Amino acid sequence: MTPLTPLPATEPDARPPAAAALVDLERYPVLDPGCAELTSVVATARAQLAAIGAAELPGFVHPDGVAALIADAESLEGQAHRSGGLGTAYLGFPDEGVDPEHPRAYLGHYGVGAVAYDLFPVSSPMRALYDWEPLRAFIELILDRGPIFRYGDPLGALNLATMGEGDELQWHFDQTDFVVSLAVRSSATGGDFEVAPRVRRADDECYPAVAEVLQGAPEASILTLPMRPGTLLVFEGRHSLHRVTPIGGPLTRLVGLFGYDTKPGTTSSELLKLVRYGRSS
């Protein structure tokens, strides 16, 4: 693990008040990179990542900021592209010829809407937060993977994920090393983010352990991450199975998804764009 170092000096942000005004800067002093409080926050987040593959930062956005993000999301959610159906735990087509009980034959229901980055107006507070350099640098410190970069994808760099009554996400692994999300609004019931941490390894698919989760693992082996509004979550989902339980009630579950990678210029595949946004440009 590399030692904590101050956040790099940056050029003045074009919209610092819009972004900084959303964040609880007393609890998360990202504008004071040399302070002991931020060093402690980063160390705690790194320890969480090492232990369970997830770092929760509750209250990163304060209540007034959450209210602004909800209003922003409500103005955008009508533009979400809907996708749904059956999906595998590996986000691909089921492997032919495998035993029906094998994890790669597993199919689960999913339903979700996504608002693409190019639909966020410049005035959007969520867009201002994603574009805010101190946030990128803060996440870079937590991940401890070296430099990270915002996606170069005009559709996938920033998304608003919307889930209404009956929507869910099946048990699955991510195809990226990490995902950064911001909880904006919870559904009335359901919508729990459940995780089976570190259930596979880079050198071992651990199919028996994966099958146990897919077939109904004991509750004690599953973590539920609260994802209360205002929570920033840094999640390493390539090796941890996770799902969102079915949504109930009239309120849509709203989550911002912030795209970063360790390589500059990252974009989504044409197929993924067509599925997620109904278009490729």
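On a predicted model such as this, the values are computed, not experimentally measured, just so you know.

**Describing the packing of aromatic side chains**
The geometry of two aromatic rings is summed up by the distance between their centres and the angle between their planes.
(1) Moving on: Applying the stated rule across the entire model yields 7 aromatic pairs.
(2) Moving on: Measuring from centroid to centroid gives 5.3 Å for Tyr-28 and Phe-60, while their planes differ by 55°, and the two rings are tilted. Within this pair, whereas Tyr-28 is found in the loop between α1 (16–20) and α2 (36–52), its partner Phe-60 is found in the loop between β1 (54–57) and α3 (63–76), the two being separated by 32 residues in sequence. Here Tyr-28 and Phe-60 have matching classes, each one buried.
(3) Moving on: For the pair Tyr-130 and Phe-258, a centre-to-centre distance of 5.6 Å together with 55° between the ring planes defines the contact as tilted. With Tyr-130 in helix α4 (residues 125–131) and Phe-258 in strand β14 (residues 253–258), this residue pair connects regions lying 128 residues apart in the sequence. The two residues Tyr-130 and Phe-258 agree in class, both being buried.
(4) Moving on: Joined through ring pairs, the aromatic side chains of Tyr-117, Tyr-130, Phe-258 and Tyr-260 make up one cluster.

**A word on the confidence of the model for the protein**
Fine structural detail should not be taken from predicted coordinates in areas where pLDDT scores are low.
(1) Moving on: Averaged over every residue, the pLDDT of the protein is 92; the share at 70 or more is 94%.
(2) Moving on: Per-residue pLDDT stays below 50 along residues 1–17; that stretch engages in 28 contacts with residues further than four places along the chain or on separate chains.

**Things to note about the pattern of salt bridges**
For side chains bearing opposite charge, pairing can occur when the charged atoms are close.
(1) Moving on: The full count for this structure, using the stated rule, is 21 salt bridges.
(2) Moving on: With its nearest N and O atoms 3.6 Å apart, the salt bridge here joins Glu-205 to Arg-104. Of this pair, Glu-205 sits in the loop between β9 (193–196) and α6 (207–214) while Arg-104 sits in the loop between β2 (81–87) and β3 (108–115); the two residues are 101 residues apart in sequence, bridging distant segments of the chain.
(3) Moving on: The partner of Asp-153 in a salt bridge is Lys-273, and the shortest N-O contact between them spans 4.0 Å. Here Lys-273 lies in helix α7 (residues 270–277) and Asp-153 lies in the loop between β4 (149–150) and β5 (158–163), a separation of 120 residues in the sequence. With respect to burial, Asp-153 and Lys-273 carry one shared label: buried.

Parameters and conventions
- Residues numbered from 1 in each chain as written.
- Predicted model: local features only at pLDDT ≥ 70, side-chain atom pairs only at ≥ 80, totals over all residues.
- Heavy atoms only, no water.
- Phe/Tyr/Trp six-rings, centres within 6.5 Å; stacked < 30°, edge-to-face > 60°.
- Helix = DSSP H or I, 4+ residues; strand = E, 2+ residues; numbered from the N terminus.
- Buried < 20%, exposed > 50% of the residue type's maximum accessible area, 1.4 Å probe, protein only.
- pLDDT = per-residue confidence, 0-100.
- Contact = heavy atoms within 4.5 Å.
- Salt bridge = Lys/Arg side-chain N within 4 Å of Asp/Glu carboxyl O.

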